Amino acid sequence: MKKGRIHLSLSLVIFLILLIYMIVNVLTFVFKTKLTVYEVQAGIMTDKISTTGIAIREEEVIKSKSGGYINYYIPDLSKVYKGEILYSLDTTGEIKNYIAEEITENKKASNKAISSLNDTITAFKEDYTYSQFEDVYSLKQKLDNAVLSSNGEYIEKTLNKIQKKYGKDAYQIKKSGQSGVVSFTYDNFKRAKADDITESDFEQNKYEQNHLSSNNEISAGDEVYRIVDSEDWQIVILLDKDEYNELKDRDNVNITFLQDGVTTSAGIEVKKKDNHYFGYLSLSKYMVRYMNDRYLELEISLGSDSGYKIPKSSIVEKDFYRVPVEYLTKGGNSTANCVLAKSGKEKTASTKNYTIYKFEADKDKYFYLSADEVQKNTVLFSDSDINVEQYFLEKKVKKQGVYSVNQGYAKFRAIEKLKSDDEFVLIATDTVQGISLYDRIVYESSDIDENDAIY
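Note that the structure is a prediction, hence the values are computed from the model and not measured.

About the criteria used
Residues numbered from 1 in each chain as written. Predicted model: local features only at pLDDT ≥ 70, side-chain atom pairs only at ≥ 80, totals over all residues. Heavy atoms only, no water. Helix = DSSP H or I, 4+ residues; strand = E, 2+ residues; numbered from the N terminus. Buried < 20%, exposed > 50% of the residue type's maximum accessible area, 1.4 Å probe, protein only. Contact = heavy atoms within 4.5 Å. Areas by Shrake-Rupley, 256 points an atom, 1.4 Å probe, with all protein chains shown as cover. Pairing = 2+ DSSP bridges. Axes fitted to C-alpha atoms, helices over the stretch in contact; angles between N-to-C directions. Salt bridge = Lys/Arg side-chain N within 4 Å of Asp/Glu carboxyl O. Core = buried A, V, L, I, M, F, W, Y, C linked by side-chain atoms within 4.5 Å. Polar contact = N/O pair within 3.5 Å; in protein donor to acceptor, adjacent residues only side chain to side chain. pLDDT = per-residue confidence, 0-100. Phe/Tyr/Trp six-rings, centres within 6.5 Å; stacked < 30°, edge-to-face > 60°. Lys NZ or Arg CZ within 6 Å of the ring centre and 35° of its normal. Patch = residues over 30% accessible without salt bridge, like charges linked within 9 Å, V, L, I, M, F, W, Y side chains within 5 Å. Lys, Arg positive; Asp, Glu negative; His and termini not counted. Charge placed at Lys NZ, Arg CZ, Asp CG, Glu CD.

## Re the overall build of the chain
Helix and strand counts for the chain stand at 7 helices and 29 strands. Taken across its 455 residues, the chain has 39% of its residues classed as buried. Residue pairs in contact within the chain that sit at least 24 positions apart in sequence constitute 75% of those at least 6 positions apart. Total accessible area on the chain is roughly 27,400 Å²; 48% of this is exposed by carbon and sulfur atoms.

Below you can see the structure in the form of structure tokens.
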């Protein structure tokens, strides 16, 4: 019995081949890693040091020489002159109500108090956020102070009446012993001089700040206010070695207070003490604004650069040969740079039109040849100086670049890094064989190899 035979026509064979080809291409497209392309943009980056600073001022905490119920007549952070009334002490606890009744009878004083209260509440509403609920407690202090400060000029007029009713020592008016700015907060920070601050002072776990307010009973020796008599102040910061080296040759820096975004200039001095690095910022502004803050979150600006902004993920490294510029030449009638080289088994040297790369850091001394483009055992010659020895391409160096896809395939383009942050890198705009504004580059360099088509 004869076995059956399968007869395949030519057209069927061709159809099967095309079908297989189409299936392979479809599967390749479906399972191929999707390539993300990034368009090169211009950008600006600023080097910054983010740090915590300790504020040092010419300040003094004043303590009471006697006890009683305290009432303040000025708002917190008020500028006062020597001899100005600051607070009173009521040894009976009844005199505040008596004074309030006297003031209420004076229409002018009452209107002034109401206006002061409105200003205080309006300012609080504008600045308040739910993340700063502790400010509600300071509002009560401000309102108490606003009432009493608005009517301070009337207090002394009723002093004789009080002394007759309650006795001479029952009510004591206390005045400032010097001019300055008065604060009703104090803390447990004991360093009076910036140079005395150590690394351990930056640990805030044991730091405490106390708030003073009217109507509290105090004893002799208790703190009653803090006063600063100079607008000059310092902020001490802790640095690492790199930050120290960056700042050591500077006299001034721009700083930003992160709590409210205020930016100003400050003098800077750095010191190394006991294997630690410290910076000392000197200011003559904003002392009052931050008088109630001991620890301040800061950013120090080290300068800005402009260039092209690219993702860190787009950067790839490539091997190059570094060659002295003496080995650059011109080819024939061309003005383009090339090299005189002998490769492999060649017996004589000839002009080679390799791609010439240059980088700003050493462009006057060296140029670079891609190791992928040059054959092994290549020797370079100089046609301008017969005394220059042959140059053997042996040692390789790494240089960074990106893959440009403007022409539909991944072409290596060199980059020179200026600055970087967590996600992006700022690069120079004039790199030889580099990229240009609005070039399209591969976002994730690991998704493709050099010279691969992107479609």
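## Some thoughts on the sheet that holds strand β12 (residues 223-228)
Strand order in the open sheet formed by 4 strands is β3-β12-β8-β5, and the pairing between neighbours is antiparallel. Single-partner strands in this sheet number two, and they are β3 (59-63) and β5 (78-80). Here the strands of the sheet are splayed against their neighbours by 35 degrees on average, with no regard to which way each runs. Of the strand pairs in this sheet, strand β8 (residues 180-183) and β12 are connected by 3 bridges, and their pairing is antiparallel. Residue V181 lies in a different strand from β12, and its bridge partner there is V228.

## Quick word on the pattern of salt bridges
Taken as a whole and judged by the stated rule, the model has 17 salt bridges. Here D195 and K271 are joined by a salt bridge, their closest N and O atoms 3.1 Å apart. Of the two residues, D195 is situated in the loop between β9 (185-187) and β10 (209-211) and K271 in strand β15 (residues 262-273); the sequence distance between them amounts to 76 residues. For D195, a relative accessible area of 41% corresponds to the partly exposed category. Judged by relative accessible area, which is 28%, K271 ranks as partly exposed. If you follow the salt bridges from partner to partner, you end up with R57, E59, D187, R226 and R294 in one network.

## Description of the nonpolar core
By size, the foremost hydrophobic cluster in this structure holds 28 residues, and its most contacted members are W233, I235, I255, F257, L281, L283 and L296. Counting only elements with at least two residues in this core, the list comes to β2 (41-56), β13 (233-239), α7 (241-247), β14 (252-257), β15, β16 (276-283) and β17 (295-311). Not counting chain neighbours up to four residues away, the residues in contact with L296 comprise T51, T52, G53, A55, W233, I235, F257, Q259 and Y290. I74, V80, Y87 and F184 belong to the second-largest nonpolar core, a separate cluster that totals 16 residues.

## So, the environment of K271
Note: C-alpha distance between K271 and L239 (32 residues apart in sequence) is 9.6 Å. Setting aside residues up to four positions removed in sequence, K271 forms contacts with D195, Y244, H276, Y277, F278 and Y280. Side chain to side chain, K271 and D195 meet in a polar contact 3.1 Å long.

## So, the confidence of the model for the chain
On average, the chain scores 85 in pLDDT, and the residues at 70 or more come to 83%. Averaged pLDDT values for the elements of the chain fall to 56 in helix α5 (residues 152-155) and rise to 98 in β13.

## Here we look at the packing of aromatic side chains
Using the criterion set out here, one finds 16 aromatic pairs in the structure. For the ring pair W233 and F257, a centre distance of 6.3 Å and an interplane angle of 15 degrees mean the geometry is stacked. Of the two residues, W233 sits in strand β13 while F257 sits in strand β14, which places them 24 residues apart along the sequence. Assigned by exposure class, W233 and F257 land together as buried. With a centroid separation of 4.8 Å and an interplanar angle of 45 degrees, the aromatic rings of Y244 and Y277 are classed as tilted. One end of the pair, Y244, is in helix α7; the other, Y277, is in strand β16, with 33 residues separating them in the sequence. Positioned above the aromatic ring of F278, the side-chain terminus of K273 is 5.0 Å from the ring centre. The residue whose ring lies beneath R322 is Y366, and the NZ or CZ to ring-centre distance is 4.3 Å.

## Describing the sheet that holds strand β4 (residues 68-72)
Pairing within the open sheet is antiparallel, and its 4 strands lie in the order β7-β6-β4-β11. The open sheet has two edge strands with one neighbour each: β7 (171-175) and β11 (217-218).

## Some details on the pairing of strand β22 (residues 366-370)
On a regular strand, each side chain points to the face opposite its neighbour's, so the side chains alternate between the two faces of the sheet. Burial runs high along β22: 4 of the 5 residues are buried. Pairing between strand β18 (residues 316-324) and β22: 5 bridges, direction antiparallel. By the bridge assignment, F320 is partnered in β22 with S370.

## Considerations on a nonpolar patch on the surface
Together, L12, F15, L16, L19, I23 and L27 give the surface a local cluster of nonpolar side chains, amounting to about 510 Å² of exposed area. Structurally, the position occupied by I23 is in helix α1 (residues 10-31).

## Quick look at the side chain of S176
Along the chain, S176 falls in the loop between β7 and β8. When its relative accessible area of 4% is taken as the criterion, S176 is described as buried. Excluding anything up to four places from it in sequence, S176 contacts V80, Y81, K82, G83, E84, L86, Y225 and I227.

## Quick look at the pairing of strand β25 (residues 396-404)
Direction of pairing for β18 relative to β25: antiparallel, over a ladder of 6 bridges. By the bridge assignment for β25, F320 is matched with V397. When β25 meets strand β26 (residues 411-414), the two strands line up antiparallel, connected through 4 bridges. Bridge pairing links S404 to K411 in β26. The antiparallel pairing of β25 with β26 creates a hairpin that spans 6 residues between the two strands, and G408 there sits at a positive phi of about 90 degrees.

## Quick word on a negative patch on the surface
A grouping of E58, E60, D229 and D232 is seen on the molecular surface, where their side chains present a negatively charged patch. Looking at the secondary structure, you find E60 in strand β3. With relative accessibility at 41%, the residue E60 sits in the partly exposed group.

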